[in-house]
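Below are the chains, spelled out letter by letter.
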Amino acid sequence: MKKILPFLLALLLLAGCAKPATQEPTYRQITMDEAVVMMEEESDYIILDVRTPDEYREKHIPGAVNIPNENIGTEEIPELPDKEQLILVYCRSGNRSKQASEKLAALKYTNIVEFGGINDWKRETVSE
């Protein structure tokens, strides 16, 4: 037992020095109601509409910025310079907003909240 104990302690120390597993960047998903509350309580955020420009012009949440999901890739996004700013992401039904949120997380944005689609939005919208 005396010979095994130092070996186990050394093994434990080496395990503690191991490189932690890399975690894939993530985003949070919330309900539409939670998004409404967040918009009422927070002050420094961006509402990001990731639908096409035509869909955006037809109807969007007031104050939303339009960057189509298809335009989000591996390059920096000039319209989103602060990677720590709260970004609330939506699309039409929730599919593209999830895709865009994954891509934003891969670009190292750290405060992404995906809340589905405008189809479920029961508040004011605007058109252009």
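Attention in this report is confined to the structure presented alongside it. Computed from a predicted structure; not experimentally measured.

The next subject is a negative patch on the surface. The grouping of Glu-41, Glu-42, Asp-44, Asp-82 and Glu-84 at the surface amounts to a negative patch. Among the structural elements, Glu-41 can be located in helix 2 (residues 32-41).

Our focus in this paragraph is the pairing of strand 2 (residues 45-49). Of all five residues in strand 2, four are buried; the element is thus mostly enclosed. In this structure, strand 2 lies alongside strand 4 (residues 86-91), joined through five bridges in parallel fashion. In the strand pairing of strand 4, Ile-46 is matched with Ile-87. Both strand 2 and strand 3 (residues 65-66) contribute to a ladder of two bridges, which runs parallel. Residue pairing for strand 3: Leu-48 is matched across the bridge by Val-65.

The buried fraction of strand 5 (residues 112-117) amounts to six of the six residues, a majority that puts the element mostly inside the structure. The pairing of strand 1 (residues 28-29) with strand 5 spans two bridges and is parallel. Residue pairing in the sheet places Gln-29 in a bridge with Glu-114 of strand 5. Regarding the hand of the β-α-β motif, the stretch spanning strand 4, helix 4 (residues 95-106) and strand 5 is right-handed.

Thresholds applied
Residues numbered from 1 in each chain as written. Predicted model: local features only at pLDDT ≥ 70, side-chain atom pairs only at ≥ 80, totals over all residues. Heavy atoms only, no water. Patch = residues over 30% accessible without salt bridge, like charges linked within 9 Å, V, L, I, M, F, W, Y side chains within 5 Å. Areas by Shrake-Rupley, 256 points an atom, 1.4 Å probe, with all protein chains shown as cover. Salt bridge = Lys/Arg side-chain N within 4 Å of Asp/Glu carboxyl O. Lys, Arg positive; Asp, Glu negative; His and termini not counted. Charge placed at Lys NZ, Arg CZ, Asp CG, Glu CD. Helix = DSSP H or I, 4+ residues; strand = E, 2+ residues; numbered from the N terminus. Buried < 20%, exposed > 50% of the residue type's maximum accessible area, 1.4 Å probe, protein only. Pairing = 2+ DSSP bridges. Right-handed = clockwise from strand over helix to strand, strands pointing away.

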